[in-house]
Amino acid sequence: MLGGIPVRNPTSGQAAALLGRLVREEADVLDGIDGRLQGRAEYAIEQLSCVVEGRDQYRHRSTDGVLQLTGPQIDMLLARRGDAVRHLTGLCAAFRAMSQAATASAPAVSRTPARRPNGR
């Protein structure tokens, strides 16, 4: 079983294609999480920079709300990112192992010339 999907022959081209697709999809998930994490972090930095520089118009020298809003979101995204990295690492290891197994089971190429049909 691979990700809940039964695989009959793990060295088959179909299994490799499936695993490759799963790697790509998980990398896309990780990219999305990274984008959201970067956006939240940039927002928090921008808001806190305004406070530090005295440019905040609504909450003079107060960070109330900024960290309460963005802190839990950033923590959640960091946890999801860690899970996605671990999952992607596992998928890559499985793909590497499958590739190595396929290479090891492939017949060796003979260096001796083949006989000619007429016996010469």
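See above for the structure.
Analysis parameters
Residues numbered from 1 in each chain as written. Predicted model: local features only at pLDDT ≥ 70, side-chain atom pairs only at ≥ 80, totals over all residues. Heavy atoms only, no water. Helix = DSSP H or I, 4+ residues; strand = E, 2+ residues; numbered from the N terminus. Buried < 20%, exposed > 50% of the residue type's maximum accessible area, 1.4 Å probe, protein only. Contact = heavy atoms within 4.5 Å. Areas by Shrake-Rupley, 256 points an atom, 1.4 Å probe, with all protein chains shown as cover. Expected span 1.5 Å × (residues − 1). Salt bridge = Lys/Arg side-chain N within 4 Å of Asp/Glu carboxyl O. Lys, Arg positive; Asp, Glu negative; His and termini not counted.

### Points about the overall build of the chain
When you go through the chain residue by residue, the secondary structure sums to two helices and zero strands. Out of the 120 residues in the chain, the part that is buried amounts to 19%. Restricting the contact set of the chain to residue pairs at least 6 apart, pairs at least 24 apart contribute 68%. Just so you have it, the chain exposes about 9100 Å², and 56% of that area is on carbon and sulfur atoms.

### So, helix α1 (residues 13-52)
Helix length check: α1, at 40 residues, gives a terminal C-alpha distance of 57 Å against a target of 58 Å (1.5 Å per residue), a fit within 8%. Listed in full, the buried residues belonging to α1 are Ala15, Leu18, Leu19, Val23, Glu26, Leu30, Ile33, Leu37, Ala44, Gln47, Cys50 and Val51. In the segment just after α1, glycine 54 is the residue with positive phi, at about 75°.

### Let's talk about the environment of leucine 18
Tracing the backbone shows leucine 18 in helix α1. Each C-alpha atom, one on leucine 18 and one on phenylalanine 95, is 9.8 Å from the other, the two residues being 77 residues apart in sequence.

### Details of the pattern of salt bridges
Two side chains carrying opposite charge are able to pair once their charged atoms lie near each other. Summed over all chains, the structure comprises three salt bridges. Between aspartate 34 and arginine 81 there is a salt bridge, with the nearest N and O atoms lying 2.6 Å from each other. Taken together, the positions of aspartate 34 in helix α1 and arginine 81 in helix α2 (residues 66-105) put the pair 47 residues apart, joining distant regions of the chain. Residue classification places aspartate 34 among the partly exposed positions, given a relative accessible area of 26%. Ionic pairing is found between arginine 86 and aspartate 83, a salt bridge with its closest N-O pair at 2.6 Å. Residue arginine 86 and its partner aspartate 83 are located together in helix α2, separated by three residues, close to a single helical turn. Taking the relative accessible area as the measure of exposure, arginine 86 reaches 56% and is therefore exposed.

### Here's the deal with the side chain of glutamate 26
Mapped onto the elements of the fold, glutamate 26 is located in helix α1. Buried charge without a salt bridge: glutamate 26, with arginine 80 as the nearest opposite-charge side chain at an N-O distance of 8.6 Å. Setting aside anything within four residues of it in sequence, one finds glutamate 26 in contact with Ala84, His87, Leu88 and Leu91.

### Things to note about the environment of valine 29
Assignment of secondary structure puts valine 29 in helix α1. Put simply, valine 29 and leucine 88 are 59 residues apart on the chain and 9.6 Å apart in space, counted from C-alpha to C-alpha.

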